[in-house]
Amino acid sequence: MKVAFIQFRRHRFSLLAVLTALVLCVSLLTRVALLIQSHREFDFTIMNTVGVFGLGLFFDLVNASYFILPLLFYLWLLPEKLFQKKWHRFVLYGFFLVFIFLLLFDAIGEWFFWDEFNTRFNFIAVDYLVYTTEVIGNIRQSYPVEWIMTGLGLLSIAGVYILRDVIKLRSNYSMRFKDRTIWFFGFGSISLFSFFFV
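Here the residue numbers are simple positions, counted from 1 along each chain's written sequence. Totals for whole chains, interfaces and linings use every residue, but because this is a predicted model, local features are given only for residues with pLDDT of at least 70 and side-chain atom pairs only at 80 or more, for both listing and counting. To get the side-chain values, take all heavy atoms of the structure and skip hydrogens and water.

1. Concerning the overall build of the protein chain
Stated formally: Runs of E in the DSSP output that reach at least two residues are strands. Runs of H or I that reach at least four are helices, and both are numbered from the N terminus. Summary of the burial criterion: residues with accessible area below 20% of their type's maximum are buried, those above 50% are exposed, and those between are partly exposed, where the area comes from a 1.4 Å probe applied to protein chains only. Should any heavy atoms of two residues lie within 4.5 Å, those residues are counted as being in contact. Using a 1.4 Å probe, the Shrake-Rupley method yields the accessible areas, and only the shown protein chains count as cover for residues.
Looking only at helices and strands, one finds 10 helices and zero strands in the protein chain. Overall, the protein chain shows an N-to-C arrangement of helices and strands of α-α-α-α-α-α-α-α-α-α. By the burial criterion, 33% of the 198 residues in the protein chain qualify as buried. Residue pairs in contact within the protein chain that sit at least 24 positions apart in sequence constitute 81% of those at least 6 positions apart. Accessible surface, the protein chain as shown: approximately 12900 Å² in total, 72% of it carbon and sulfur.

Written out as structure tokens, the structure reads:
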């Protein structure tokens, strides 16, 4: 069991666990920040608090099962010969740079949405997508978008820098297509289960 865990930590699909951990961490911090923001309206009973964080964790795991799909397909289909190239780690750095940026962008979006409507993303956010031009104009007038995007970009770069050794270690473990397929269907089945039963 211990040997299997050590092997998992070293091969390419453990990057999915790293990405899942990032989703959970950012989501938890977002939930705590929103709870602090609305502490006057929240009833801090044990049941409510457990519900917020327990149920929240469950849906964060569901969300993570979808979020990892692009990387899951990439890790499955990329030939071992290319994966082992020294330059390929920079491709993985790029993947994580984009993923971290998207997670932070979503978190900051939820913060401003909550500040405006006192709720998390809902049907109002769908209207935002429909009337994109007007919404973007209003957002640019209300918030320092350029500074926010710059800050998110710098935080994303810092995140990749912190994870660079973790990503580099996973890029040195050889894995056959047959073994990759087993892991692919293992992780993929979690996403399918989430889609059909949650």
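2. As for the environment of L92
You can see L92 is positioned in helix α6 (residues 88-117). For the pair formed by L92 and K168, sequence separation is 76 residues and the distance between their alpha carbons is 8.6 Å.

3. Brief notes about the packing of helix α2 (residues 14-37) against helix α4 (residues 69-77)
Worth spelling out the cut-off: Only the stretch in contact is used when fitting a helix axis, every axis being a line fitted to C-alpha atoms; angles between N-to-C directions are given from 0 to 180 degrees. Angular relationships are summarised with four words: roughly parallel below 35 degrees, roughly antiparallel beyond 145, roughly perpendicular across 65 to 115, and oblique for the angles in between. Only Asp, Glu, Lys and Arg are considered charged, only Ala, Val, Leu, Ile, Met, Phe, Trp, Tyr, Cys and Pro nonpolar, and every remaining residue, Gly among them, polar.
Two numbers describe how α2 lies on α4: the axes approach to 10 Å, and their chain directions differ by 170 degrees. Overall, the two elements α2 and α4 adopt an arrangement that is roughly antiparallel. Contacts between α2 and α4 pair L15, L16 and L19 from the former with L71, L72 and L75 from the latter. Partitioning the contact of α2 with α4 into residue classes produces six nonpolar, no polar and no charged.

4. Things to note about the confidence of the model for the protein chain
Put simply, the rule is: Confidence of the prediction at every residue is given by pLDDT, a number between 0 and 100.
When pLDDT is averaged across the protein chain, the result is 84; 83% of the residues are at 70 or more. pLDDT under 50 marks residues 1-6. Its contacts with residues more than four places away, or in other chains, come to zero contacts.

5. So, a nonpolar patch on the surface
For clarity, the threshold we go by: Two joining distances apply to patches: 9 Å for like charges and 5 Å for nonpolar side chains (Val, Leu, Ile, Met, Phe, Trp, Tyr), and every residue must have over 30% relative accessible area and no salt bridge. Whenever Lys or Arg places a side-chain nitrogen within 4 Å of a carboxyl oxygen from Asp or Glu, that contact is recorded as a salt bridge.
The grouping of L55, F58, F59, Y66, L192, F193, F195, F196, F197 and V198 at the surface amounts to a nonpolar patch, some 1100 Å² of accessible area in total. Top contributing element to the nonpolar patch by residue count: helix α10 (residues 177-197), with five residues. Checked against the element boundaries, Y66 lands in helix α3 (residues 46-67). The exposure class assigned to Y66 is partly exposed, which follows from its relative accessible area of 33%.

6. Regarding the layout of surface pockets
Put simply, the test is: Think of a 1 Å grid over just the protein atoms. A cavity is a set of points where a 1.4 Å probe fits yet cannot get out, a pocket is an open set with protein on both sides within 12 Å along at least five of seven lines, and lining residues have an atom within 4 Å of a point. Grid points are joined across faces, edges and corners, and a volume is the space filled by probe spheres set on the points.
In this structure, the second largest pocket encloses a volume near 390 Å³. If you go around the second largest pocket, you meet 18 residues; those closest to its centre are V26, L29, L104, A107 and L155. For the lining of the second largest pocket, the secondary-structure elements that each account for two or more residues are α2, α6 and α9 (145-170). Split by residue class, the lining of the second largest pocket holds 16 nonpolar, two polar and no charged.

7. Some words on the pattern of salt bridges
Here the structure, examined in full by the defined rule, presents three salt bridges. A salt bridge links D60 to R31; the nearest nitrogen and oxygen atoms lie 2.9 Å apart. Taken together, the residues span a long stretch of sequence, with D60 in helix α3 and R31 in helix α2 at a distance of 29 residues. Considered together, D60 and R31 belong to a single accessibility category, that of buried residues.

8. Some details on the side chain of E80
Under the convention used in this document: Contacts described as polar in this section are N or O atom pairs within 3.5 Å, which, within protein, must combine one atom able to donate a hydrogen with one able to accept it, while residues neighboring in sequence count only if both atoms come from side chains.
As for its position among the elements, E80 is in helix α5 (residues 80-83). Among the polar contacts listed, one links the side chain of E80 to the side chain of Q84, at a separation of 2.5 Å. A distance of 3.1 Å separates a polar atom in the side chain of E80 from the backbone nitrogen of M175. Excluding residues that lie within four positions of it along the chain, E80 makes contacts with R12, Y173, S174, M175 and R180.

9. Side note on the nonpolar core
Here is the rule: Residues enter a nonpolar core if they are buried and are Ala, Val, Leu, Ile, Met, Phe, Trp, Tyr or Cys, with the set joined through side-chain atoms within 4.5 Å.
One finds F13, L16, L19, L71, L75 and F96 to be the most contacted residues of the largest nonpolar core, which totals 30 residues. Elements with a minimum of two residues in this core: α2, α3, α4, α6, α9 and α10. Not counting residues up to four positions away in its chain, the partners in contact with L19 are F67, I68, L71, F96 and F99.

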